[in-house]
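Reading the structure
Chain by chain, the residues:
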Amino acid sequence: MKKLVDKYTRKMIRAGLADDPLVCGLDDELFWNREDEAIPVLGNVVQGMNINSLIYAEPAEPYQTILRYLAERYPEIITPGDCETRTFLHDLPVIHSFSAETVLSCLRKRKSVIIAEDHAIRVVTFGTVSPEQAFVTFSSVCFSSFVLFFADYLDDLRQSNVTARQQKAFAAILPFVNKPAREAPGLHAGPFSTAEQVIEAMIEAGKYTVDFGLVDSYFGNISYRLNDTVYISQTGSSLDELAGCIDPCPLDGSSSSAITASSELSAHNEIFLRTDKLAILHGHPKFAVILSMDCDEQDCPQRGQCHIKCSRERFINDIPIVPGEVGTGPTGLCNTLPPAIKGNRGAIVWGHGLFTTGSTDFNEAFRNLLDIENMCRTQYFKRVQQLI
Amino acid sequence: MHYGWTGKILRIDLSTATHDILQPDEDIYRKFIGGKGMAGHFLRPHVTLDWDHPDMPLLLFTGPLVGTIAPTSGRSTVMSRSPLTGTVADCSVGGRLGFQLKRAGWDGIIITGKADNLCSIEIEDSHVRIHDAAQYRGKDTNDIFDAFFDGSRSVAAIGTAAENGVAFSSLTVDKHHAAGRTGIGLCFGAKNIKFLTIHGTGKIPVRNKKELLKAREEITRLTAASPILMGEQGFSCFGTGSIYDLMDSRRMMPTDNFRKTHFDRAGELNAYAYKENYLPKKYGCMGCHILCKKIAGKGKMKGGSMPEFETMSHFTALIGNTDMKLVMQANELCNRFGMDTISAAATLACYREMNGGIDLSAHLLDLLTQIGTASTELGRSLGRGSMKYAQGMQQDSQPSMSVKGLELPAYDPRGAYGMSLAYALSTRGGCHLRAYPVSHEILRKPVATDRFTFSGKARIIKIAEDQNAVVDSLTACKFIFFAAGLEEYARAYTAVTGVETTAQELLKAGERIYYHERIMNALNGFTAADDDLPMRFFTEAGSGGNAIEIKPLDREAFLEARARYYHIRGLDEQGRPTPEKTKELGLA
Ligand SMILES: [Zn+2]
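On a predicted model such as this, the values are computed, not experimentally measured, just so you know. In this convention, every chain numbers its residues from 1, walking through the sequence in written order. For naming, the first written chain is A and the first written ligand is 1, with later ones following in the order written. For this predicted model, a pLDDT threshold of at least 70 governs which residues receive local features, and a threshold of 80 or more governs which side-chain atom pairs are given and counted, while totals over whole chains, interfaces and linings are taken from all residues. The side-chain figures draw on all heavy atoms in the structure; neither hydrogens nor water molecules are used.

Some words on the pattern of salt bridges
Any Lys or Arg side-chain nitrogen located within 4 Å of an Asp or Glu carboxyl oxygen qualifies as a salt bridge. The full count for this structure, using the stated rule, is 61 salt bridges over all chains. For Asp 294 of chain A, the salt bridge goes to Arg 158 of chain A, with nearest N and O atoms at 2.7 Å. Here Asp 294 of chain A, found in the loop between helix 10 (286-292) and helix 11 (306-309), pairs with Arg 158 of chain A, found in helix 6 (residues 131-158); they are 136 residues apart in sequence, far enough to count as distant. A salt bridge links Arg 536 of chain B to Glu 540 of chain B; the nearest nitrogen and oxygen atoms lie 3.7 Å apart. Take Arg 536 of chain B: its relative accessible area is 6%, and that puts it in the buried class. Under the relative-accessibility criterion, Glu 540 of chain B is labelled partly exposed at 30%. A single salt-bridge network, built from bridges that share partners, covers Lys 462, Glu 465, Asp 466, Lys 508, Glu 511, Arg 569, Lys 581 and Glu 584 of chain B. By definition, any uninterrupted DSSP run of H or I lasting at least four residues is a helix, any uninterrupted run of E lasting at least two residues is a strand, and each is numbered from the N terminus. A 1.4 Å probe rolled over the protein chains alone gives each residue an accessible area, and that area as a share of the maximum for its type sets the label: buried under 20%, exposed over 50%, partly exposed in between.

Here it is as structure tokens:
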């Protein structure tokens with residue numbers, strides 16, 4: 001347990017989610033990563049639930065400012081519209097006093113709670129088999145709050161509804177968002193001819209995708225086609241820890257040992273079958289997600305159902321945006337993404353993330369992921385400028 | 001109580017051929033939910049009776065979600081005391097049995113007494129009739145389904161195995177579904193019940209339909225996102241057999257009666273090969289969209305059930321068979337005779353090991369027939385299960401790979417340490433489904449855990465047992481919990497019943513329901529000595545490969561983890577319930 005607690009403490013810090021998280025793991029005895037005056041209260045929270053791990057932390061910037069603002073604007077429940085929220089979190093409950101009772105009242109039914117007390121912001125999340133769940137939830141809370149904040153802002157600008165408080169928060173966050181663009185790194189050059197080369201290249205590309213902030217926690221996936229086998233990251237694997245988490249899947253489906261492969265295997269396979277691309281990379285870069293949700297058709301009859309029903313042809317410059325939910329199913333992105341990405345540098349799935357491809361290796365796919373996200377960020381601020 | 005539950009339980013006394021109606025207090029429903037929980041509540045006062053005592057109740061219970069649009073909620077629980085293990089015996093069973101029972105207006109049935117002659121029970125809404133079934137003596141389950149399973153009602157039947165006292169007899173439901181384990185079929189035999197038909201026409205009132213639709217949408221969205229359930233290699237496409245390849249590649253496929261953990265010929269006998277040969281069609285339980293059942297679409301077996309993963313694995317690797325057709329035939333025979341495929345195959349694997357590892361292929365069908373018809377001395381002694389068979393041969397029970405007498409399914413515990421605890425601690429003996437740690441140790445859900453460590457596993461197993469106890473009480477399917485969670489099901493529960501609840505409150509009920517089973521087993525003398533695994537796992541290594549090493553389990557680490565589990569579960573050092581915990585859970 002200690003090993004896992006320490007690992008996810010480090011990951012929280014490295015992912016920029018918190019500077020000094022409090023993390024605990026529990027088998028027969030409770031283990032905390034450090035001392036903290038909140039422990040007596042949190043100990044009662046742990047006692048009051050059937051769980052094995054918990055994270056309690058003040059989110060790092062810009063999430064702290066974002067959550068402080070959102071908790072004022074939505075004092076009971078924050079409901080972001082992105083895919084991670086819709087699928088896994090449902091909504092983000094907020095409380096305004098810190099006690100075992102108030103925390104339990106939310107965590108008994110939801111995966112997270114945001115504590116907005118005076119000026120302080122804390123987030124509590126938990127796991128039932130591993131602190132990794134608490135980490136993933138924490139990360140999703142930050143991601144979806146970020147997306148909601150920027151989506152709201154653009155929308156409010158358009159309606160001339162931006163408040164002074166909102167504008168102040170926006171200004172405070174800008175320095176964290178306006179970082180100088182980074183050059184794409186040189187990755188292993190393909191085409192690859194052995195499984196070892198493929199796996200090495202995937203591990204490398206995955207690491208950079210996380211390092212560049214183009215995906216959060218265990219979301220995102222990556223694949224490479226070698227002859228008639230698709231090598232793909234496993235479901236729930238973190239792109240920065242892919243060693244041992246890549247499944248070979250024969251394109252003809254003759255073995256199902258890859259039943260643990262990513263939920264987007266069908267979409268990847270379909271892209272490989274429709275194009276001559278060899279590499280696919282999927283991340284959740286924030287501004288691509290935010291812009292995909294920005295639509296000025298206020299009276300559209302499909303509003304509220306955009307993620308599955310949007311029927312307009314939408315683009316951000318040359319990049320198409322398609323509806324589609326995670327995985328298979330009749331409204332799954334496996335139906336919408338493959339035709340959209342063909343002949344394009346990439347495609348964005350509404351409120352979810354960005355898929356890019358490469359012809360020989362991950363250099364092109366990574367560059368596309370990075371360039372498109374940078375383009376989306378530029379585009380976002382351009383739209384803001386136009387509306388001000 | 002106007003929503004979700006019907007509030008009525010049917011009690012049938014076969015000795016007097018009478019029945020009456022029980023209407024338990026609402027707080028009993030709140031405490032035990034339904035299904036497994038409610039059945040346990042009614043089993044407890046009688047649990048120390050012999051399994052075949054006329055007063056030993058046989059229970060069939062549905063849960064509050066059954067008959068509603070909540071996904072995978074067509075299931076029910078059959079429970080009694082096990083003839084095979086002496087423990088609590090409960091099986092979650094699919095098909096339409098629970099659905100029809102609920103529509104007939106019953107949350108459950110309690111059957112006591114013993115009919116003078118072989119009988120059948122017919123339930124048509126509130127009408128209950130007991131018929132003489134002497135003419136069906138010696139008939140296999142197919143004969144019963146041919147006669148009564150026409151789609152208008154649900155049919156549950158035993159075959160000849162249960163008539164002949166086979167300790168691992170199953171109850172077959174709606175032709176393709178089995179309450180397979182712990183010999184529950186023999187409990188029907190003990191009461192002289194050959195089959196049961198149920199048809200109901202009522203509707204289940206739902207408190208808040210809009211909320212239930214939302215919960216349903218959340219749950220189906222999560223299943224669509226699950227590669228294990230709905231992915232192109234998942235259960236929906238290939239059935240449970242889709243994990244066959246995975247188990248072998250993870251080096252945990254029980255081979256040669258658990259002497260090895262890798263089967264050379266697995267690649268030819270995987271789900272894909274069955275699909276090529278039999279073109280299986282999708283089929284499922286009432287109210288389920290996953291459709292993990294597969295029905296053969298061509299060949300002689302057309303229309304018959306395809307083997308589930310456990311059957312595929314145990315009728316090949318475990319007994320050294322490489323003939324797929326033989327697996328199909330063995331599966332069909334077991335279904336016809338009404339025998340649990342896991343216990344049948346594992347008992348034969350034990351027999352094979354005790355006979356120098358002889359090639360069983362040529363005799364397999366004959367041996368199964370001898371067991372199912374009890375036509376020979378060998379058949380009768382194998383029909384007592386591997387543990388009693390091995391002991392009867394004046395050997396120790398070493399070659400019986402079982403826990404508490406229940407034969408182990410197709411996951412080698414040396415390849416997933418949580419599974420070793422799950423097997424040892426399960427209240428019905430060697431069962432994978434109580435805690436199903438394969439979910440996180442192999443299938444990465446809800447997240448992956450390190451399969452080669454005991455660290456953290458004691459609590460993980462405890463939490464999973466609690467969760468699955470809730471699932472079996474609601475009554476939903478455990479498979480959907482690869483994708484959804486109690487968070488979403490709590491919403492469905494509240495929408496259906498109007499009873500406010502949360503995921504954590506449901507888990508608390510699960511803890512109560514599971515602890516209740518520990519209490520019942522303790523009343524029958526079960527202690528820590530029974531919460532153990534065959535010694536082979538601690539002394540022999542499995543078959544490594546693929547850069548995976550399968551070491552023997554570290555006995556000391558196992559016992560430490562088990563002690564932690566006792567502590568977490570609120571049991572004493574001997575694994576027995578404590579008065580404090582019993583009181584805390586409202587079970588005194
Ligand atoms: Zn994604």
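A short note on the domain arrangement of chain A
All names here are of chain A. Note: domain ranges come from an automatic or database domain assignment. In terms of domain boundaries, chain A breaks down into domain 1 (2-177) and domain 2 (195-387). One C-alpha centre belongs to domain 1, the other to domain 2, and the line joining them spans 26 Å. Contacts: residue pairs with any heavy atoms within 4.5 Å of one another. Taken together, the contact pairs 30 residues of domain 1 with 32 residues of domain 2. Buried area is a sum: the accessible area each of two parts loses on coming together, probed at 1.4 Å, counted once for each and added. Summing both partners gives a buried area of about 2600 Å² for domain 1 against domain 2, and 63% of it is carried by carbon and sulfur. Applying the counting criterion to the domain 1 and domain 2 interface returns 5 salt bridges. For this analysis, a polar contact is any N or O atom pair within 3.5 Å, provided that within protein one partner can donate a hydrogen and the other can accept it, and provided that sequence-adjacent residues contribute only side-chain to side-chain pairs. Viewed at the interface, domain 2 and domain 1 are joined by 11 residue pairs in polar contact (both at pLDDT 80 or more). Just so you know the grouping, Ala, Val, Leu, Ile, Met, Phe, Trp, Tyr, Cys and Pro go in nonpolar, Asp, Glu, Lys and Arg go in charged, and all remaining residues, Gly too, go in polar. Within the side of domain 1 that touches domain 2, the residues separate by chemical class into 16 nonpolar, 5 polar and 9 charged.

Thoughts on the state of the cysteines
To count as a disulfide, a pair of cysteine sulfur atoms needs to be within 2.5 Å. Under the criterion given, the structure shown has 0 disulfides over all chains. Free cysteine: Cys 83 of chain A, not disulfide-bonded; nearest cysteine sulfur from Cys 334 of chain A at 14 Å.

Side note on the coordination of the zinc ion
All names here are of chain A. Metal sites are built from N, O and S donor atoms within 2.8 Å, or 3.2 Å for Na, K and Ca, and they leave out water, so they may look incomplete. Distances from the zinc ion to its protein donors, namely His 282 (NE2), His 284 (NE2) and His 352 (NE2), fall within the range 2.0 to 2.2 Å. When the donor residues of the zinc ion are listed from N- to C-terminus, their spacing reads H-x1-H-x67-H. A residue pair is termed long-range when its members are at least 10 positions apart, and His 282 in strand 11 (residues 279-283) and His 352 in the loop between strand 14 (346-349) and strand 15 (353-358) qualify at 70 residues. Like His 352, His 282 is buried.

Quick look at unusual backbone geometry
Residue and element names in this part refer to chain A. Residue Glu 61 is joined to Pro 62 through a cis peptide bond whose omega torsion reads 5°. Locating Pro 62 in the fold gives a position in the loop between strand 3 (53-57) and helix 3 (63-73). Put simply, Gly 190 and Pro 191 share a cis peptide bond, and its omega is -5°. Positive phi, normally seen in glycine, also occurs at His 90, with a value near 70°. Even without being a glycine, Asn 317 presents a positive backbone phi close to 50°. Residue position: Asn 317 is located in the loop between strand 12 (314-316) and strand 13 (319-322). Among the residues examined, Asn 317 registers a relative accessible area of 52% and is labelled exposed.

Focus: the pairing of strand 1 (residues 22-26) of chain A
Successive side chains on a regular strand alternate, one facing one side of the sheet and the next facing the other. All names here are of chain A. Most of strand 1 sits out of view: 5 of its 5 residues are buried. The alternating pattern of strand 1 places Leu 22, Cys 24 and Leu 26 on one face and Val 23 and Gly 25 on the opposite face, and all of these are buried. Only strands that DSSP links by at least two bridges are regarded as paired with each other. Where strand 1 and strand 3 come together, 4 bridges link them in antiparallel fashion. Within the sheet, the bridge partner assigned to Leu 22 lies in strand 3 and is Tyr 56. Where strand 1 meets strand 2 (residues 30-32), 3 bridges bridge the pair, whose relative direction is antiparallel. Paired with Gly 25 across the two strands is Phe 31, which belongs to strand 2.

Examining the interface of chain A and chain B
In this assembly, 53 residues from chain A lie in contact with 51 residues from chain B. Both sides of the chain A and chain B interface together cover about 4100 Å² of buried area, and 52% of this is carbon and sulfur. Taken as a group, Asp 27, Asn 50 and Ile 259 of chain A account for 20% of the area that chain A buries against chain B, more than any other trio of residues on that side. Along the contact surface separating chain A from chain B lie 5 salt bridges. In this structure, Arg 110 of chain A engages Glu 487 of chain B in a salt bridge whose closest nitrogen and oxygen atoms are separated by 3.0 Å. Scanning the region where chain A abuts chain B turns up 23 residue pairs in polar contact (both at pLDDT 80 or more). When residues of the side of chain A that touches chain B are traced back to their parent elements, those giving at least two are helix 4 (83-89), helix 6, strand 10 (246-250) and helix 9 (265-274) of chain A. Here the side of chain A that touches chain B gets 4 residues from one element, more than from any other, and that element is helix 4 of chain A. Tallied by class, residues from the side of chain A that touches chain B come to 17 nonpolar, 25 polar and 11 charged.

Considering the environment of Gly 287 of chain B
All names here are of chain B. Within the secondary structure, Gly 287 is located in the loop between strand 13 (281-283) and strand 14 (293-295). The exposure class of Gly 287 is partly exposed, given its relative accessible area of 44%. Setting aside residues up to four positions removed in sequence, Gly 287 forms contacts with Ala 70, Pro 71, Thr 72 and Ser 73.

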